[in-house]
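Letter by letter, the chains look like this.
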Amino acid sequence: MAAYILRRLVSTIAVMAMVGIFVFLLLRLAPGDPAAIIAGERATPQVLAAIRQQLGLNEPLLVQFVHWALSILGGDFGSSLFSGRPVLELISLRLEPTISISILTIILSVTTGVSFGILAAWRAGGLVDRILTAFATLGFSVPVFVVGFFLIYLFAIGAHWLPVQGYVPIENGLGPWFVHLILPTLALGLPYIAFIARVTRASMLEVLSEDYMRTAAAKGASSYAMLFHHALKNAGVPILTVIGLSFAYLISGVVITETVFNLPGIGRLVVDALNSRDYPIIQGVLILVSGVYVLINLLVDLSYTLVDPRIRY
Amino acid sequence: MTISRRDLVKLGIAAGTAISIPSVLRAQTAPADARTVRMVLGDLSTFDPIVSTAYTSGNHGLAIYDTLFALDSKLRPQPQMVGKWGVSDDKKKYTFELREGLGWHDGTPVTAADCVASIRRWGQVPSGGTLIMERARDISAQDDKTFIISLKEPLGLLIETLASASTPLLFIMREKDANRPAAEQVTANIGSGPFKFNQALAKPGASFTYDRNEKYIPRQEPADGFAGGKVVNVDRVIWENISDQQTSFAALQSGEVDFVYDPPADLYPAIKSDPNLELQALNKAGDVYFMRMNCLQKPFDNVKARQAMLHLIDQEAVMRTVAPQEYISAVTSFFGNQTPYTNDENTGWYKKGGDPEKAKQLLNEAGYGGETVVILQHTGWASGNIIAQFLAATLRKIGMNVDLVPADSAKRSELLTNGSWSIFMTNESDYDRSTPVSNPTLSANGEAGWFGWPKSDEYEALRAKWANVETLEERQALAREMQRIQWDIVGTVLLGSALSPIARRKTLTGLIEMPALTAMWNMQKGA
């Protein structure tokens, strides 16, 4: 196991190096000039040239890359071309909303999605199954922003129960923090609930049709024992894989959700930075997100051994 | 199915919880503090209002910095930080004395040296400042309160230039900030204006907080445009950066924000139908939309092809893609619709509905051979995006070979700079078209000038003369001459004019009505 983890960590370094080169080149070769965004439309070419010089954008690409790579290795992610604030500080300011909504979404989708999946498999072919399957199809098909605006219209503008937008840090009180995250979590969580429910249902149905399940039933095992002790454990590996992958993909949904609900998280930071070509921020965020992605994959792989003792590394 | 007593108890608890949730939630979403105004003003990405010509940076500058002079509601310059000023008999030496009580947010007093450094920095960017620097023999502080501008020759436009509301405005910064090169941003955000930037509450990309500067001493005169007393009636203004327009509107409806800058026209009916909301045009003269053609490339290197565009455009049709009929108008004067220099010289090209036949004829005369016309489609600007599509269809109707190139702000800026385009659209406030000396969009100095690069030495000679003449009548006469040349060389084609009202809650009153920029003082927020 230790050797496996070590091997994975070494390969992670290689992956991150590739990500770094790719991200840097992709950004620098894409059209767009941060100097023009800073100076505004009415700036003259002379002013733009002076700003580019000031920002070091006139240096050869290789020199810029070496500067950046060495800084990253030293733990310095650089500073925003616009605000001048360190990238790590800007990312840390944006982490809380993204982590908050991600954790709430994970809790909501796993608990609800797995429950729905088990329920649908247990009542396969019945009314409950059909309703849950229809819900899952709908949840998977409707875009996040449509769900978001629908929820805003219903609960914020219509009923005045919940705020339309914004984020309140957890240090300002658990209540306001939670209330501002209810609608974003619902909007972001819906497709994941649907996805997890569908996979859980399929996986459970497969296990429920196994001979040993029939044996358990013949021995008089209760529905609870059959579903949770025998079936769920054996259906767990694909479910875990899907959950892991879902949350690696969560970041794309977070971008839209943060925009619709005006949450100042990492997703919006990236979008704003992309629009303004704030290279240090985009590079910093992508490196960190890639790192998290790789880490989640590693954790998912390791968690298989807990669910299925037959798996060994 | 039987219902047990235990089930009933569970049901009761669940129902009670569900009923109580709305009140609990309402308590968490209580209306904002009545002494705090929340404004959606766009994305403030560049703090330094000298480096950037963006209106967002200008709004930020208006809040935290002060100006030597400012324009009143009739666009006349009035002293702001300056208490007394005078000019020598030969009109070559101006003396300015700062008024009492001016202080920086860090507690130190504003000095004449700060003003001198600020003027010098402002003079490095394209603005009226470059003209002053060209003409200045000496700009220096005489003592802590007094500074002079000595000129090589009289400059009739000096005070108007110092007061200009065209971005970048002459905001006065601390000497140590203003001593930085103009290409290097000042991010300290310490000014002497009516609001203090709250660094601790700054959330880049999300919101910025401006606290009332309790030590600010407003002028005694009532607020009048950007001039007069900058009296702050609220404790705090929060600049919200809500990037989604639909979300901004929903937040305005629910009372989470008080002000939304430039809502999209398709939301006007919904805003008008809400009894708590109001549309208000702060810029009464509106914005002028125009397109520039690349005079260095085919087909628009030929003046006949540019003239074809002038005749082709149906301004009403173009502007209807942007705003409802009641908010739009045609504009035929190069100097905008409502400036002191608006005139009708050489405007015979204008025909309601456009003149496609004349355009075709001119295009033939230009020898148009099917060259690709690249139109930049600004995907980050809703109005510009749709105008580009409309324009492409219009050009295709007269047989032009059009390629629409979608580009976000950053890509568009790069394409503009490297010249790989034929047409792009933009807009600016009507007022901006009254400042030919400081506004690069009104130049015709070829490759040394602004995107499109039209060239007319005759026009440039008149533009240079503009700064020297003393009276309004003389400048109006110059404006007629300049316009005559412009509608012959056609460096710019006007697309029309539109009002861009802001949306506000009716409880927010006292907004300053001025072109382009939004001032935060004078506002009042009722219950």
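Residues numbered from 1 in each chain as written. Chains lettered and ligands numbered in written order. Predicted model: local features only at pLDDT ≥ 70, side-chain atom pairs only at ≥ 80, totals over all residues.

J.: What exactly am I supposed to notice about the overall build of chain A here?
T.: Tallying secondary structure elements over chain A gives twelve helices and zero strands in all. Mapped from its N terminus to its C terminus, chain A presents α and β elements in the order α-α-α-α-α-α-α-α-α-α-α-α. Overall, the C-alpha framework of chain A stretches about 85 × 55 × 35 Å when taken along its three principal axes. Here chain A, with 313 residues, has 37% of them falling under the buried criterion. Sequence-distant contacts in chain A: of pairs separated by 6 or more residues, those separated by 24 or more amount to 73%. (Helix = DSSP H or I, 4+ residues; strand = E, 2+ residues; numbered from the N terminus. Buried ≥ 20, exposed ≤ 12 C-beta atoms within 10 Å, placed from the backbone. Contact = placed C-beta atoms within 7 Å.)

J.: How should the interface of chain A and chain B be read in this particular structure?
T.: It is common to give the size of an interface as the accessible area lost on bringing the parts into contact. Chain A puts 50 residues into the contact, and the matching count from chain B is 46 residues. Residue assignment for the side of chain A that touches chain B shows that the elements contributing at least two residues are α2 (34–39), α3 (45–55), α5 (87–122), α7 (144–158), α8 (174–208), α10 (223–260) and α11 (266–276) of chain A. Broken down by element, the side of chain A that touches chain B gets its largest block of residues, six residues, from α3 of chain A. Taken together, the residues of the side of chain A that touches chain B sort by class into 29 nonpolar, 14 polar and seven charged. (Nonpolar A, V, L, I, M, F, W, Y, C, P; charged D, E, K, R; others polar.)

J.: Got a minute to help me understand the domain arrangement of chain B in this structure?
T.: All names here are of chain B. The domain boundaries assigned to chain B delineate domain 1 (28–43 + 194–282 + 502–525), domain 2 (64–178) and domain 3 (287–498). Relative placement of domain 1 and domain 3: their C-alpha centres are 33 Å apart. Residue-level contacts link five residues of domain 1 with eight residues of domain 3. By residue class, the composition of the side of domain 1 that touches domain 3 is five nonpolar, no polar and no charged. (Domains from an automatic or database assignment.)

J.: Teacher, can you tell me more about the sheet that holds strand β11 (residues 207–212) of chain B here?
T.: In sheet architecture, strand pairing relies on hydrogen bonds along the backbone and comes in two forms, parallel and antiparallel. Residues and elements named next belong to chain B. Taking strand neighbours across the sheet as the criterion, the seven strands line up as β10-β11-β12-β1-β13-β21-β14 in an open arrangement whose pairing is mixed. The open sheet is flanked by β10 (195–203) and β14 (277–280), the only strands paired with a single partner. With four bridges joining them, β14 and strand β21 (residues 502–505) adopt antiparallel strand pairing. Note on β21: the bridge partner recorded for Leu277 is Arg505. (Pairing = 2+ DSSP bridges.)

J.: Would you mind showing me how to read the nonpolar core here?
T.: One recurring pattern in soluble globular proteins is that nonpolar side chains are buried together. The biggest cluster of nonpolar side chains holds 212 residues, and the ones touching the most others in it are Ala39 of chain A together with Leu68, Tyr210, Val237, Val493 and Leu495 of chain B. If we skip the residues at most four places from it in the chain, Ala39 of chain A touches Val47, Leu48 and Ile51 of chain A together with Val51, Ser52 and Thr53 of chain B. (Core = buried A, V, L, I, M, F, W, Y, C linked by C-beta atoms within 7 Å.)

J.: Help me out: how do you make sense of the packing of α5 of chain A against α11 of chain A in this one?
T.: How two helices pack is summed up by the angle between their axes together with the distance between the axes. All names here are of chain A. The contact between α5 and α11 brings their axes to 7 Å, and the two run at 135 degrees. Viewed along their axes, α5 and α11 adopt a mutual orientation that is oblique. For the pair formed by α5 and α11, the contact residues are Leu90, Ile91, Arg94, Leu95 and Thr98 on the first element and Ile266, Gly267 and Leu269 on the second. The class makeup of the residues in the contact of α5 with α11 is five nonpolar, two polar and one charged. (Axes fitted to C-alpha atoms, helices over the stretch in contact; angles between N-to-C directions. Parallel < 35°, antiparallel > 145°, perpendicular 65-115°, else oblique.)

J.: Whenever I open this one, the domain arrangement of chain A confuses me. Can you help?
T.: Residues and elements named next belong to chain A. Considered domain by domain, chain A is made up of domain 1 (2–73) and domain 2 (93–312). Relative placement of domain 1 and domain 2: their C-alpha centres are 33 Å apart. Contact with domain 1, which involves 15 residues of that partner, is made by twelve residues of domain 2. Mapped onto the side of domain 1 that touches domain 2, the elements with two or more residues apiece are α1 (2–29), α2 and α4 (61–73). Counting residues per element, the side of domain 1 that touches domain 2 draws most heavily on α1, which supplies nine residues.

J.: Sorry if this is basic, but what is going on with the environment of Thr187 of chain B here?
T.: You can see Thr187 of chain B is positioned in the loop between α6 (175–178) and β10. Classification of Thr187 of chain B as partly exposed rests on a count of 15 C-beta atoms within 10 Å. Among residues more than four places away in sequence, those in contact with Thr187 of chain B are Ser83 and Gly84 of chain A together with Phe47 and Asp48 of chain B.

J.: Quick question: what am I supposed to make of the confidence of the model for chain B here?
T.: Any region with low pLDDT has predicted coordinates that should not be read closely. Residues and elements named next belong to chain B. In the predicted model, chain B carries a mean pLDDT of 91, and the fraction of residues at 70 or more is 94%. Here residues 16–31 is a poorly scored stretch, pLDDT under 50, and it has 14 contacts once near neighbours within four places are set aside; other chains count. Quick note on the complex model: pTM equals 0.82, ipTM equals 0.76. (pLDDT = per-residue confidence, 0-100.)

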